[in-house]
Structures are given as C-alpha cells and as structure tokens.
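Reading the structure
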Amino acid sequence: MLFSEYKIKDLTLNNRIVMSPMSMYASKDESGNVTDFHKVHYGSRAIGGVGLIILESTAVTKQGRMSPNDLGIWDDSHIAGLQELTSLVHGYDTPIGIQLNHAGRKAKIDGGIIAPSAIQMSESYKKPKEMSIDEITKTIKSFKQAAIRAIESGFDLIEIHAAHGYLIHEFLSPVTNQRTDDYGGSLENRFRFLKEIIVCIRSIWKGPLFVRISGDEYDPTGTTLEENIYYCKQLKQLDVDLIDVSAGGLVNIRPKTYAGYQVPLSDAIKNSVDIATGAVGIIKHSDQAEEILQNKRADLIFIGRELLWNPHWTYKAAKELNYELTLPQSYSWSWIAKL
C-alpha cells in the first residue's frame, strides 16, 4: 500500500509517502524569502521520489514568525520565490503543499507578540499580549491572504498548522486559552478561531486542505483525545480532507518516545471520525509504514527525520518491500540501484 496511488479531490499522489513539514530557519536575511537552500532541500526530496512535499511552517504575518529566519507568505514579495520553488518541484512530477502558521506566544522575534491569553510559554519566551477582537479578525484575514498567495505561488495543497503550541493550537487548548468571550470557554468557542480561518480559506480555495493537530498535549489539564475527536468531527464538516496527527509542543512536557509513538492518535481519530489521517512520529522503516496502512491506522505516512538523513528514503523503502520503482535516469545505473 505504501506505493499505491492516493487521490485527494483532484490531486493524485504517486505514493503514500509525505515529506513532513519541518522548519529549516534558512531565510538568514530575515526577509522570509525562499533561498537557494530551500530549492536544493526540497528539490532533492522531489528527485528522491516522495509522493507529496509539504513546505515548512510559513508565517502568515511578520509578527507570527517562530524566529526571524522563518519562511514567509505575509507579503506579495514572497510569491516570486515560492513560484520558483513550486515550479522546481513540479518539474520532478511531485506535488507540493504549504503549511500556513502563526507562532503566537512561541514567536521569538523583536517586538510584541500575541496569544489568546497573556500566558507566557516559559521564562525563555516573552509574555504575549492577549489578542483583541480586532486582532483576531485581522489574523484570520492574514490566513486568507496567505492562502491567496499560496494559490498564486502554484501550491497543490494547503495545510493549516493547528498543533505544537502555536497560535491556533493556543486557542484550542484550555491550558493557553482562558478567554471569557466568544473565543474561549466551551469547546465550541475555543474552536471558533480555527473554524473562521477555514471558512475564509475555503471561500477562495477548493483544493486539498489538511489540518495538523496535536492529538495529545501531554498535560493532564489540556485537551483530551475525546475533545480532539470533537474538533476533528467539526473539521470534517468544514470540508477538511485530512488530519495530520502529531502531538505535543504546547507545554514543556516531553513524552517518552518510541517508534510510531504518535500512530495510536492517528488510528483513534481516523476510526472515530471516519476521516483520512496522516501518521507521523519516529516512522523509520518501510515495513512499519506498510503495517500502519494495511491496518487502516492512517492513509498517508509523514516522514520527517528519515528524509533529512536520506533524501532517497523512498527508493530504499521500495527496495525493502520488493516494489519496483522507476529510478531517476541520472541515478539508475549508479549507487542508488544498490540500496
């Protein structure tokens, strides 16, 4: 199954292997622009045969960067570089998506930062300002404008980052959202910010839409799996195509990790909500990925660190599974055939 096609609306993936969005902090001049590094980095994974690349967390506002070196999509000046990148990846018959994000209280930048509530992440972070209704409205519009730029840049898919303790996740969790207005309190109210972002994006984008969530916050006072299932049922009704199920990032609590440690979260959401999911989290081996798919624990396999270490992990997986995968002509006679 790992090498079977997968269709999402009008987009067909050649296989079920997804390059997971991983921040590279490579815009060293702090402009947010695509650099040569990004072209080499993503281009090599396209040559490496993945079914889908999802670009790293890309800031929808300058204030919403995780660091000064993040990629940006907050200004029209970013479009040209992003177009060059999508064109490069498409040249190797690989679809490419973009992950839209706002860092919220986890932004490490000059100037003030914002969050649902004025709760500091830790002593190493600034204390955020609680967002006004006007700031919430403007931020929602920033996601829509970023989606418009993503369309103009030639992306095939949009993913909304609602995990890892960034702004949208901060609204979803009772740990970080202590508001008493329409954006806080009940599950419905905490979901409102993400819902309004999706409605805005869906008004101009009819293609594949993913949402990344943290299925477990590793905090006993945080969002439960049952509450995340509630959120995912709402996401399905909003025409979200797939839930990219990760975990953690909201608080400084690190879980015990092991191979596939987040896969049970994907399994639970997929089979409770009847929605497609992507599994991620120390997935290293082809037989491990195949087991997840065969047992219907996820629909796509998101590979992170393994693709950083080996851009050709896809060909290695095919070899291990005795699947005949056409190699790039330039590599077909050389070392890669001996993986």
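Being a predicted model, the structure only gives us computed values, none of them experimental. (Residues numbered from 1 in each chain as written. Predicted model: local features only at pLDDT ≥ 70, side-chain atom pairs only at ≥ 80, totals over all residues. Heavy atoms only, no water.)

Along the protein chain, the regular secondary structure elements total 10 helices and 13 strands. Taking 2.2 N^0.38 as the reference for a compact globule, 339 residues should give roughly 20 Å; the C-alpha atoms of the protein chain span a radius of gyration of 19 Å, in line with that estimate. Here the C-alpha coordinates of the protein chain stretch approximately 60 × 40 × 40 Å along the principal axes. Residue pairs in contact within the protein chain that sit at least 24 positions apart in sequence constitute 70% of those at least 6 positions apart. As displayed, the protein chain offers around 14,000 Å² of accessible surface, 49% of which is attributable to carbon and sulfur atoms. Across the protein chain, the centroid of the 37 positively charged side chains sits 2 Å from that of the 41 negatively charged ones. (Helix = DSSP H or I, 4+ residues; strand = E, 2+ residues; numbered from the N terminus. Rg over C-alpha atoms; globule rule 2.2 N^0.38 Å. Contact = heavy atoms within 4.5 Å. Areas by Shrake-Rupley, 256 points an atom, 1.4 Å probe, with all protein chains shown as cover. Lys, Arg positive; Asp, Glu negative; His and termini not counted. Charge placed at Lys NZ, Arg CZ, Asp CG, Glu CD.)

Our focus in this paragraph is the environment of Leu 235. Relative to the helices and strands, Leu 235 is located in helix α6 (residues 225-237). On a C-alpha basis, the gap between Leu 235 and Gly 154 in space is 24 Å, while along the polypeptide they are 81 residues apart. Not counting residues up to four positions away in its chain, the partners in contact with Leu 235 are Phe 191, Leu 194, Ile 198, Val 211, Val 240 and Ile 243.

Here we come to empty space enclosed by the protein. This structure, assessed with the given rule, holds 1 cavity of 30 Å³ or more. The wall of the largest cavity is formed by Ala 162, His 169, Leu 172, Ile 213, Ser 214, Glu 217, Thr 223, Asn 228 and Tyr 231. Listing elements by their share of the lining of the largest cavity, those giving two or more residues are α4 (167-172), β10 (209-214) and α6. (1 Å grid on protein atoms, 1.4 Å probe; cavity = no way out; pocket = protein on both sides within 12 Å on 5 of 7 lines; lining within 4 Å. Points joined across faces, edges and corners; volume = space filled by probe spheres on them.)

Attention shifts here to helix α8 (residues 286-294). Among the residues of α8, those classed as buried are Ser 286, Gln 288, Ala 289, Glu 290, Ile 292 and Leu 293. Elements in contact with the buried residues of α8: α7 (263-273), β12 (276-279), β13 (300-303) and α10 (313-320). Trailing α8 by a residue or two, Lys 296 shows a phi angle of about 55°, which is positive. (Buried < 20%, exposed > 50% of the residue type's maximum accessible area, 1.4 Å probe, protein only.)

Moving on to the nonpolar core. By size, the foremost hydrophobic cluster in this structure holds 77 residues, and its most contacted members are Leu 100, Leu 194 and Ile 201. Aside from chain neighbours lying at most four places away, what touches Ile 201 is Leu 100, Phe 143, Lys 144, Ala 147, Ile 158, Ile 160 and Leu 209. (Core = buried A, V, L, I, M, F, W, Y, C linked by side-chain atoms within 4.5 Å.)

Moving on, we get to the packing of aromatic side chains. The tally for this structure, following the rule as stated, stands at 6 aromatic pairs. Geometrically, the ring pair formed by Phe 171 and Phe 193 is stacked, given 4.2 Å between the ring centres and 25° between the ring planes. Note that Phe 171 is positioned in helix α4 and Phe 193 in helix α5 (residues 187-202), a separation of 22 residues in sequence. On the accessibility criterion, Phe 171 (1% relative accessible area) is buried. On the basis of relative accessibility, which here comes to 0%, the residue Phe 193 falls in the buried class. (Phe/Tyr/Trp six-rings, centres within 6.5 Å; stacked < 30°, edge-to-face > 60°.)

Locating Arg 45 in the fold gives a position in helix α1 (residues 36-47). For the buried residue Arg 45, which engages in no salt bridge, the nearest side chain bearing the opposite charge is Glu 56, 10 Å off. Of the polar contacts made by the side chain of Arg 45, one reaches the side chain of Ser 44; its length is 2.9 Å. Discounting chain neighbours no more than four positions away, the residues touching Arg 45 are Met 19, Val 50, Ile 53, Leu 307, Leu 308 and Pro 311. (Salt bridge = Lys/Arg side-chain N within 4 Å of Asp/Glu carboxyl O. Polar contact = N/O pair within 3.5 Å; in protein donor to acceptor, adjacent residues only side chain to side chain.)

A complete count under the given rule lists 15 salt bridges for this structure. Of the charged contacts, one joins Lys 9 and Asp 241 as a salt bridge, the two residues approaching to 2.5 Å between their closest N and O atoms. Of the two residues, Lys 9 is situated in the loop between β1 (6-8) and β2 (11-13) and Asp 241 in the loop between α6 and β11 (242-246); the sequence distance between them amounts to 232 residues. Look at Lys 9 and you get partly exposed, because its relative accessible area is 29%. One salt-bridge network, held together by shared partners, links Lys 9, Arg 202, Asp 239 and Asp 241.

Before going further, it helps to spend a moment on the pairing of β13. Neither face of β13 is exposed, since Leu 300 and Phe 302 on one face and Ile 301 and Ile 303 on the opposite face are all buried. Across 3 bridges, strand β3 (residues 17-19) lies against β13 in parallel orientation. Each bridged residue has a counterpart across the sheet, and for Val 18 the counterpart in β13 is Phe 302. (Pairing = 2+ DSSP bridges.)

On to the layout of surface pockets, then. Roughly 1,100 Å³ of internal volume is contained in the largest pocket. Along its surface, the largest pocket is lined by 41 residues, and His 164, Ser 246, Ala 247, Tyr 261 and Arg 305 are the ones closest to its centre. Broken down by secondary-structure element, the contributors of at least two residues to the lining of the largest pocket are β4 (52-59), β6 (96-101), β13 and α9 (305-309). Top element by residues in the lining of the largest pocket is α9. It accounts for 4 residues. Tallied by class, the residues present in the lining of the largest pocket amount to 19 nonpolar, 15 polar and 7 charged. Computed from the structure, the second largest pocket encloses a volume of approximately 250 Å³. (Nonpolar A, V, L, I, M, F, W, Y, C, P; charged D, E, K, R; others polar.)

Quick look at the side chain of Thr 61 now. For Thr 61, the location among the structural elements is in the loop between β4 and β5 (71-72). The exposure class of Thr 61 is buried, given its relative accessible area of 15%. Separated by 3.4 Å, the side chains of Thr 61 and His 102 make a polar contact. Excluding residues that lie within four positions of it along the chain, Thr 61 makes contacts with Trp 74, His 102 and Ser 142.

Just distances and angles here, no functional claims.
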